[in-house]
Amino acid sequence: MNIRVRRGDSFWYYSQLFDIPLNLIADSNPGVSPTALQLGQIVRIPGYYVTFYTIRPGDTFWRLANRLGLNMDMLYLLNPAVNPLALQVGQVLNVPVRVVNPVVRGRRPYTSAALTADISQLIEIYPFLRSRKIGNSVMGKNLIELQVGRGAKRVHMNGSFHANEWITSPVLMQTLNTYLLALTNRSDIRGLFVSPFYESVLLSIVPMVNPDGVDLVIEGPPSQEPYRTNVLAINQGNPDFSGWTANIRGVDLNNQYPALWEEEAARKPDQPSPREFPGEAPLTEPEAIALADLTAESDFDRALAYHTQGKVIYWGFQGLEPPESQTLVNEYARVSGYRPIRYVDSFAGYKDWFIQEWRRPGFTVELGRGVNPLPLNQFDQIYEENLGIFLVNLIR
Ligand SMILES: [Zn+2]
């Protein structure tokens, strides 16, 4: 919600008036100097939107504020051109509404377009959420990183490396929405008061690593050539892409990392395939490169790559993982019921490479159980299981 600065206003005053944490207001206005607010300058207030109210006979600011549960000065602030002593029936007022419900509905087929729309909505309501492009997919779709918080502990999460595991994207987005709601409303998640974590944790989320693949699984082959002809050829003419994990060129993005890549390549398909083709070399695909570049420049303290299925969490690679990995995975397991597995006979994945390069905790979280793509009727349960893992990442 945008408001215009009046004489004597301050971020601190807005924080009191709207009951929104001061740090969230400051971070929602990165270009505004809080000590030098200019008259008439636009300031963004997170956690609110504006609706309209049409004046009826007998209305006054005081009565309206009482009826709507608002501080009267909110009405003055949002209606600078209105004379409250001369309200006209039929006149339209701006009225602020606190956001107390999530806007992300994760339990639905979640294409890259759905993700883009949700990101726009979240940024509109929560301008302290930062979004930036870290690359483009093969077909040119934006690869987006979202950041929230300004803490020293940097936690990275990513979803949908694998196309038919796209449910990981809405799980991450709905979880993020839950966190944003709790921040602006100073509320708790499962009894945990989350406000302090905004200052102690920097959360980095790439909700959809493989948007071309996700859209292929959900919507079928793209109309754009040569992709349409190529994916149908790779899929041997089969119009059903539900078994597809790769990117649009038939490369498995989670087999693209230089962590025993040669050993993985030797036993995997040697040409584009719906799944498991590691590419002609490590890091040939723009989606894998974007994640590698982001990771190399971000100094993440830990990374969680979300996949489905099996309700297990892989946490080791060649003994290179630090002792902290075990402590964390035991805590994830305790809150989610998922089973920790140290080693798996599969290499060249993102978490393998993360552990190898930084010797920091890296995890592959396998949400849910069944056949990919997991049915949406598992969504609510998966969301709850992962919410515990999310909270552990704030606390520990
Ligand atoms: Zn996977």
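Residues numbered from 1 in each chain as written. Predicted model: local features only at pLDDT ≥ 70, side-chain atom pairs only at ≥ 80, totals over all residues. Heavy atoms only, no water.

**Structural notes on the pairing of strand β7 (residues 153-158)**
Threshold: Only protein chains enter the area calculation, which uses a 1.4 Å probe; residues under 20% of their type maximum are buried, those over 50% are exposed, and those in between are partly exposed. Helix and strand definitions here come from DSSP, where helices need a minimum of 4 consecutive H or I residues and strands a minimum of 2 consecutive E residues; each element is numbered from the N-terminal end. In this scheme, strands are said to pair when DSSP sees at least two bridges between them.
Burial within β7 is extensive, with five of its six residues counted as buried. Relative to strand β10 (residues 201-206), β7 is paired through six bridges, and the arrangement is parallel. Bridge assignment links Arg 154 to a residue of β10, and that residue is Leu 202. Two elements, β7 and strand β11 (residues 302-308), share four bridges in a ladder whose sense is parallel. Residue pairing in the sheet places His 156 in a bridge with Ala 303 of β11.

**Brief notes about the UniProt feature "active site" (unreviewed entry) in the protein**
To keep things clear, this is the line we draw: UniProt positions are given in the numbering used here, feature names are shortened, and annotations may be inferred rather than shown by experiment. We call two residues in contact when some of their heavy atoms are within 4.5 Å. Counting of polar contacts relies on pairs of N or O atoms within 3.5 Å, with two restrictions inside protein: one atom must be capable of donating a hydrogen and the other of accepting it, and residues adjacent in sequence are counted only when both atoms are side-chain atoms.
UniProt feature "active site" (unreviewed entry): in the numbering of this structure it lies at Glu 366. Residue placement: Glu 366 occurs in strand β14 (residues 362-367). Each residue touching Glu 366, except ones within four places of it in the same chain, is listed here: His 307, Thr 308, Gln 309, Gly 310, Lys 311, Val 312, Tyr 314 and Tyr 338. A polar contact of 3.4 Å, which involves the side chain of Glu 366, links it to the backbone nitrogen of Thr 308.

**Quick notes on the packing of helix α5 (residues 112-125) against helix α6 (residues 168-184)**
Test applied: Throughout, an axis means a line fitted to C-alpha atoms (over the contacting stretch in the case of helices), and angles, computed between N-to-C directions, take values from 0 to 180 degrees. An angle below 35 degrees is read as roughly parallel, one above 145 as roughly antiparallel, one from 65 to 115 as roughly perpendicular, and any other as oblique. Each residue is assigned to one class: nonpolar for Ala, Val, Leu, Ile, Met, Phe, Trp, Tyr, Cys and Pro, charged for Asp, Glu, Lys and Arg, and polar for all the others, Gly among them.
Their axes nearest at 12 Å, the elements α5 and α6 cross at an angle of 5°. By the angle between their directions, the pair α5 and α6 is classed as roughly parallel. Along its contact with α5, which presents Leu 115, Asp 118, Ile 119 and Leu 122, the element α6 presents Met 173, Leu 176, Asn 177 and Leu 180. For the contact of α5 with α6, the per-class residue count stands at six nonpolar, one polar and one charged.

**Description of the UniProt feature "domain: Peptidase M14" (unreviewed entry) in the protein**
Residues annotated by UniProt as "domain: Peptidase M14" (unreviewed entry) correspond here to residues 108-394. Here residues 108-394 is 39% helix and 17% strand, with 27 Å between the C-alpha atoms at its ends.

**A look at the side chain of Asn 23**
Relative to the helices and strands, Asn 23 is located in helix α2 (residues 22-28). Apart from the residues within four sequence positions on either side, Asn 23 is in contact with Arg 150, Tyr 198 and Glu 199.

**A look at the sheet that holds β14**
The strands making up a sheet associate through backbone hydrogen bonding, with each pair oriented either parallel or antiparallel. Read across the sheet, eight strands follow the order β5-β6-β10-β7-β11-β14-β12-β13 without closing on themselves; strand pairing throughout is mixed. Where the open sheet ends on each side, the last strands, each with one partner, are β5 (130-136) and β13 (339-341). Geometrically, the sheet is characterised by an average inter-axis angle of 20° between neighbouring strands, direction not taken into account. Along the sheet, helix α11 (residues 286-298) contacts β5, β6 (142-148), β7 and β10; its crossing angle with β5, the most-contacted strand, is approximately 130°.

**Re the pairing of β11**
The side chains of a regular strand alternate, first on one face of the sheet and then on the other. Where burial is concerned, most of β11 is hidden: seven out of the seven residues are buried. Residues Arg 302, Leu 304, Tyr 306 and Thr 308 line one face of β11 and the alternating positions Ala 303, Ala 305 and His 307 line the opposite face, and both faces are buried. Two elements, β11 and β14, share six bridges in a ladder whose sense is parallel. Residue pairing in the sheet places Thr 308 in a bridge with Leu 367 of β14.

**Regarding the domain arrangement of the protein**
Applicable threshold: Each domain's extent is set by a domain assignment, obtained either automatically or from a database. Buried area adds together the accessible area that both of two parts lose upon being put together, with accessible area traced by a 1.4 Å probe.
Its domain assignment divides the protein into domain 1 (2-98) and domain 2 (112-213 + 282-395). Of note, the centres of domain 1 and domain 2, computed from C-alpha atoms alone, are 36 Å apart. With 12 residues of domain 1 at the interface, the matching set in domain 2 holds 12 residues. Between domain 1 and domain 2 lies a buried interface of about 1,200 Å² when both sides are counted; carbon and sulfur atoms form 48% of it. When residues of domain 1 are sorted by the area they lose upon contact with domain 2, Leu 24, Asp 27 and Arg 44 head the list and together hold 41% of the total.

**A word on the nonpolar core**
What counts, and what does not: For this analysis, a nonpolar core means a set of buried residues of the types Ala, Val, Leu, Ile, Met, Phe, Trp, Tyr and Cys, connected via side-chain atoms within 4.5 Å.
Residues Tyr 14, Phe 18, Val 148 and Tyr 179 are the most contacted members of the largest nonpolar core, which totals 98 residues. Two domains each donate at least three residues to this core, and these are domain 1 (2-98) and domain 2 (112-213 + 282-395). One finds Leu 143, Phe 161, Val 209 and Tyr 350 within the second-largest nonpolar core, a separate group that totals 22 residues.

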